[in-house]
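# Residue-level structure breakdown
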Amino acid sequence: MNRSLAVTMFLALLLALGLAPAARAANEADYKTAYSAAEAAAKEAASLRHQWTVTVSTLAAAKKAADGGDFDRAVAAAREAEALAKASIFQAISEKEAWKAMEIR
Amino acid sequence: MKAARTSILLGSLSAALVALALTSPRVVAADKVDPVADAKAFQNFFFQKFPTVKHEDFVNGPYSMNEDMKRQWQEKEEFPPYEFALDAGKEMFVTPFKNGKTYADCFPNGGIGIRQNYPYFDEKEGKVVTLELALNRCREANGEAPYSYVKDEMASLTAYMAFTSRGKPMDIKIPDDPRALAAFENGKRYFYTRRGQMNFSCASCHVQSPGERIRAEILAPALGILNAMPIYRSEWSGMGTTSRRFVTCNSQTRAVPLEPQADEYRDVEYFLSYVANGLPISGPGARP
């Protein structure tokens, strides 16, 4: 390997490391953002009378993790709760008409 | 050539118009609330799906679907697990409130042999009134605290009242009142609506799969499912009311249950009871 190639590879490695997104730990602000989004979706699902038990328990798990200072886990749980709540909202809206497909006529 | 094409076009157009004219009234009819037609279709569905099951046997739930279970249940009926609740319910029913009155003062015919008429549509209130609700209203009207809707005392009281109606055909009325028709329709919608993370409706289990196993249990048919209420369930190690049944069904599909006696529960009870008209009261029941 000639010297210029080795220098080029070294520089490329430095560049790659420098550009790679840093995997930083979640903080309380991240958690609060994720939790409030999840909470808003869950409230909407509840107002439609279509809340899922797993949304409630996952929201509680997010809060518990945050209370224990584990914000990585808290953010992950809050995002999962938001996804569950949004799925239940979709269910509530689609079932407004879809229930008729199952009706005995 | 051109004339032929025009006549084909006109012919197709008139055929389409005739087809539209023939189908339109059906679409309108299908959207109209017609409890009599719904009940007929509902019963026929089960009678045709299970042609060997005697009609009056549907009220025995899973036992109507499985001969082995039926034999075990018939033996168990000699010393039924709801017997303690039945005795307690009778005693509670005749024991006067602090003001000296009893439950008999709140109900037609002194509360005896009337289970088949509940729930009913109260035109004054504009809502469905279930037996459980009427019992708690009776208590409150007489200065007593209401009972929990899901077990213990309420189950005992309704067990006794059901027992005095055993064999009487379910006889639910829907008055000529748009609010009553709306309540029936709302109950029907609730029954068929998928909910919870499992994406199940009541009908997923009790219309599409009666007689099938869900884990270790045999699913009961929806037809006559409330005629056996309240029930002793081995799974609960105790008695449960209709309210408890709805709440646990919701939880099992991972849906957050509504509060007992929520309008939706009252309406679905109205719907399920009405479509079981003519089938005998068999409560209190016993289930695995």
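Relevant structure appears above.
The following paragraphs examine the structure supplied in this document. (Residues numbered from 1 in each chain as written. Chains lettered and ligands numbered in written order. Predicted model: local features only at pLDDT ≥ 70, side-chain atom pairs only at ≥ 80, totals over all residues. Heavy atoms only, no water.)

## Some thoughts on the overall build of chain A
For the record, the criterion: Starting at the N terminus, helices and strands are each numbered in turn, a helix being any DSSP run of H or I of at least four residues and a strand any DSSP run of E of at least two. Each residue gets one of three labels from its accessible area relative to the maximum for its type: buried under 20%, exposed over 50%, partly exposed in between, using a 1.4 Å probe on protein chains only. The contact rule is simple, with two residues in contact once any of their heavy atoms fall within 4.5 Å. Note on areas: Shrake-Rupley, 1.4 Å probe, and residue coverage restricted to the protein chains presented here.
Helix and strand counts for chain A come out as four helices and zero strands. Tracing chain A from N to C terminus, the helices and strands come up as α-α-α-α. Scored against the burial criterion, the 105 residues of chain A give a buried share of 34%. In chain A, once contacts between residues fewer than 6 apart in sequence are set aside, the share between residues at least 24 apart is 71%. Accessible surface for chain A amounts to roughly 6,800 Å². Of this, 63% is attributable to carbon and sulfur atoms.

## Here we look at the overall build of chain B
What chain B contains, in helices and strands, is 10 helices and seven strands. Per-residue burial for chain B yields a buried fraction of 51% across its 288 residues. At a minimum sequence separation of 6, the contacts of chain B that also span at least 24 residues come to 70%. Put simply, chain B shows about 14,200 Å² of open surface, and 56% of that area lies on carbon and sulfur atoms.

## Some remarks on the interface of chain A and chain B
Spelled out, the test is: As used here, buried area is the combined drop in accessible area, with a 1.4 Å probe, of two parts when they are placed together. Salt bridges are counted wherever a side-chain nitrogen of Lys or Arg sits within 4 Å of a carboxyl oxygen of Asp or Glu.
If you look at the interface, chain A gives 15 residues, while chain B gives 28 residues. With both sides pooled, the region where chain A packs onto chain B buries about 1,900 Å², and carbon together with sulfur makes up 59% of that total. When the buried area of chain A at its contact with chain B is split by residue, A:W99, A:M102 and A:I104 rank highest and sum to 39% of it. Where chain A meets chain B, there are three salt bridges.

## Focus: the packing of aromatic side chains
Cut-off, in case you're wondering: Pairing of aromatic rings covers Phe, Tyr and the six-membered ring of Trp, with a centre-to-centre limit of 6.5 Å; geometry is then stacked below 30 degrees between planes, edge-to-face above 60, and tilted otherwise. Here, a charge over a ring is recorded when the distance from Lys NZ or Arg CZ to the ring centre is within 6 Å and its angle to the ring normal is within 35 degrees.
With the rule as written, the count across this model stands at 24 aromatic pairs over all chains. With a centroid separation of 6.0 Å and an interplanar angle of 85°, the aromatic rings of B:Y190 and B:Y265 are classed as edge-to-face. Taken together, the positions of B:Y190 in helix 7 (residues 178-192) and B:Y265 in helix 10 (residues 263-274) put the pair 75 residues apart, joining distant regions of the chain. Each member of the pair, B:Y190 as well as B:Y265, carries the same accessibility label: buried. Ring pairing ties together the aromatic residues A:W99, B:F42, B:F45, B:F46, B:F47, B:F50, B:F58, B:F184, B:F191, B:Y192, B:F271 and B:Y274, which thus form one cluster. The ring of B:Y147 carries B:R139 above its face, with NZ or CZ at 3.7 Å from the centroid. For the cation-ring pair, B:R195 lies above B:Y190, with the distance from its terminal atom to the ring centre recorded as 3.6 Å.

## Some thoughts on the side chain of B:D267
Residues and elements named next belong to chain B. Short version of the rule: Charge assignment: positive for Lys and Arg, negative for Asp and Glu; neither His nor the chain ends contribute.
Of note, D267 is situated in helix 10. An unpaired buried charge is present at D267: no salt bridge exists, and R266, the closest side chain of opposite charge, is 6.2 Å distant. Residues contacting D267, with those up to four places away along its chain left out, are V128, A183, N186 and G187.

## A short note on the nonpolar core
Burial of nonpolar side chains together is a common tendency in soluble globular proteins. All names here are of chain B. Operational definition: In plain words, nonpolar cores are sets of buried Ala, Val, Leu, Ile, Met, Phe, Trp, Tyr and Cys residues tied together by side-chain atoms within 4.5 Å.
Within the largest apolar cluster, 51 residues are counted, with the highest numbers of intra-cluster contacts made by F42, F46, F191, Y192, Y270 and L272. Put simply, the parts of the chain that give this core at least two residues each are helix 2 (35-49), helix 3 (67-76), helix 7, helix 9 (242-252) and helix 10. Setting aside residues up to four positions removed in sequence, L272 forms contacts with F42, F191, A222, I225, L226 and F246. Within the second largest apolar cluster, 26 residues are counted, among which are Y82, C138, Y147 and A286.

## Re the sheet that holds strand 5 (residues 231-233) of chain B
All names here are of chain B. This is how it is decided: A pair of strands is labelled paired if DSSP reports no fewer than 2 bridges between them. Interaxial angles span 0 to 180 degrees and are taken between N-to-C directions of axes, which are lines fitted to C-alpha atoms, for helices over the stretch in contact.
The mixed open sheet is built from three strands, whose spatial order is 6-5-7. Unpaired on one side and paired on the other, strand 6 (238-240) and strand 7 (285-287) mark the two borders of the sheet. With direction set aside, neighbouring strand axes in the sheet form an average angle of 35°. Examined bridge by bridge, strand 5 and strand 7 share three bridges and lie parallel to one another. Across the sheet, residue I231 finds its bridge partner in strand 7, namely G285.

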